[in-house]
Amino acid sequence: MTFDRKIRIAPSILSADFADFGREIRAVEEQGADWVHVDVMDGHFVPNLTFGPPAVKAFRKHVTTFMDVHLMIAPVDPYIEAYAEAGADLITAHVEAGPHIHRTLQAIRATGRKAGVALNPGTPAEAVAHVLDLADLVCVMTVNPGFGGQKFIDMTGKVRRLREMIGDRPVHIEIDGGVDPGTAPMLVQAGADVLVAGSAVFRGGSVSNSAPYGENMRAIRAAAEAAL
Ligand code: DX5
Ligand code: ZN
């Protein structure tokens, strides 16, 4: 994948039908998803539980675009290899998940996968100042992680600061939480290029009626691109 900052829409399958992931993944890809975002939660770092490596490996078979795996787990280092082997293209770890984010990003890169670093709403941009050369993506959380469908928390100031800090490094800025056609414009204006969206993509549709997924993604993309 060559680096560019064109707008990418990454549906979070946390909002998909949990009994039908294969078809849900194929449906969002057919409807125009750029990436597929997989939210891994451990019931410890965040108060919710989702997917272990075998589940992610099963998703992989259906992903033809790019599998973006967001690890909301602590500790994270012991599981990096397993999620890489499960087929993640990019693995994101939280800066708050342990004392050694630098080592964590080195470990992700050592698997040959792209490396992301996520920041909770309460964590300043400066927390990643010394790891930007080890990262392919910075994920700015615009909700407290753990659940889909939460109220958006405005982090445009943080995004703007990160965009300055990143300069001409090939590092994406991803936004995760409460992204919809209303919030996307200010985020891309501030410098974001990857937009994760769960409820705003899956609402109104289903595997047997996936056209709304496409309409929802086009609405987010159009709002974002119009703001550039
Ligand atoms: C939150 C997850 C998000 C979430 C986004 O912990 O990391 O990816 O699914 O969901 P929405 O778009 O519904 O806020
Ligand atoms: Zn996520």
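See the structure printed just above.
Summarised in this report is the structure supplied together with it. This structure is a prediction, so every number in the text was calculated from the model and none was measured.

1. What about the site of ligand 1?
Then, number 1: Close to ligand 1 lie 20 residues; D39, G149, D176, G198 and S199 are nearest.
Then, number 2: Note that an oxygen atom of ligand 1 is positioned 2.7 Å from one of the backbone N or O atoms of G149.
Then, number 3: Interatomic distance of 2.6 Å between a side-chain N/O atom of S199 and an oxygen atom of ligand 1.
Then, number 4: Taken together, the elements giving at least two residues each to the shell around ligand 1 come down to β2 (36–41), β3 (67–72) and β8 (194–197).
Then, number 5: If you tally residues by element for the shell around ligand 1, the top one is β2, at 3 residues.
Then, number 6: Across the shell around ligand 1, the residue classes tally to 8 nonpolar, 10 polar and 2 charged.

2. Here's the deal with the coordination of the zinc ion (ligand 2)
Think of it this way: four donors in a tetrahedron around the metal ideally sit 109.5 degrees apart, and six in an octahedron ideally sit 90 or 180 degrees apart.
Then, number 1: Around the zinc ion (ligand 2), the donor atoms from the protein are H37 (NE2), D39 (OD), H70 (ND1) and D176 (OD), and they sit 2.0 to 2.3 Å away.
Then, number 2: The coordination sphere of the zinc ion (ligand 2) comprises 6 donor atoms, whose angles at the metal cover 69 to 168°; the geometry is octahedral.
Then, number 3: Counting residues between consecutive donors of the zinc ion (ligand 2) along the chain gives the motif H-x1-D-x30-H-x105-D. Just as H37 is buried, D39 falls in that class too.

3. Considering the packing of aromatic side chains
Then, number 1: Applying the stated criterion to the full structure yields 7 aromatic pairs.
Then, number 2: Considering the side-chain rings of F18 and F21, the 4.8 Å spacing of their centres and the 55° angle between planes classify their relative orientation as tilted.
Then, number 3: Classification of F18 as partly exposed rests on a relative accessible area of 45%.
Then, number 4: For F21, a relative accessible area of 11% translates into the label buried.
Then, number 5: Feature note: the residues F18, F21, F51 and F59 constitute an aromatic cluster, connected by ring pairs.

4. Overview of the side chain of T104
Then, number 1: With respect to the helices and strands, T104 occurs in helix α4 (residues 101–110).
Then, number 2: For T104, the residues in contact, after removing those within four places along its chain, are V76, D77, I80 and A93.

5. Quick word on the sheet that holds β3
Then, number 1: Ordered by their spatial adjacency, 8 strands build an open sheet running β1-β8-β7-β6-β5-β4-β3-β2, and the pairing between neighbours is parallel. At either end of the open sheet lies a strand with only one pairing partner, and these are β1 (8–11) and β2. Sheet twist, expressed as the average angle between the axes of neighbouring strands with direction ignored, equals 25°.
Then, number 2: Relative to strand β5 (residues 114–119), strand β4 (residues 90–94) runs parallel, the two being bridged by 5 bridges. Bridge pairing in β5 links L90 to K114.
Then, number 3: Strands β4 and β5 of the sheet are contacted by α4, whose axis makes an angle of about 150° with β5.
Then, number 4: Its contacts with the sheet place helix α8 (residues 211–226) against β1 and β8, and it is angled at close to 145° to β1.

So, how was this worked out
Residues numbered from 1 in each chain as written. Chains lettered and ligands numbered in written order. Predicted model: local features only at pLDDT ≥ 70, side-chain atom pairs only at ≥ 80, totals over all residues. Heavy atoms only, no water. Near = heavy atom within 4 Å. Polar contact = N/O pair within 3.5 Å; in protein donor to acceptor, adjacent residues only side chain to side chain. Helix = DSSP H or I, 4+ residues; strand = E, 2+ residues; numbered from the N terminus. Nonpolar A, V, L, I, M, F, W, Y, C, P; charged D, E, K, R; others polar. Donors = N, O, S within 2.8 Å, 3.2 Å for Na, K, Ca; no water. Tetrahedral: all angles 85-135°; square planar, octahedral: opposite > 155°, others 65-115°. Buried < 20%, exposed > 50% of the residue type's maximum accessible area, 1.4 Å probe, protein only. Phe/Tyr/Trp six-rings, centres within 6.5 Å; stacked < 30°, edge-to-face > 60°. Contact = heavy atoms within 4.5 Å. Pairing = 2+ DSSP bridges. Axes fitted to C-alpha atoms, helices over the stretch in contact; angles between N-to-C directions.

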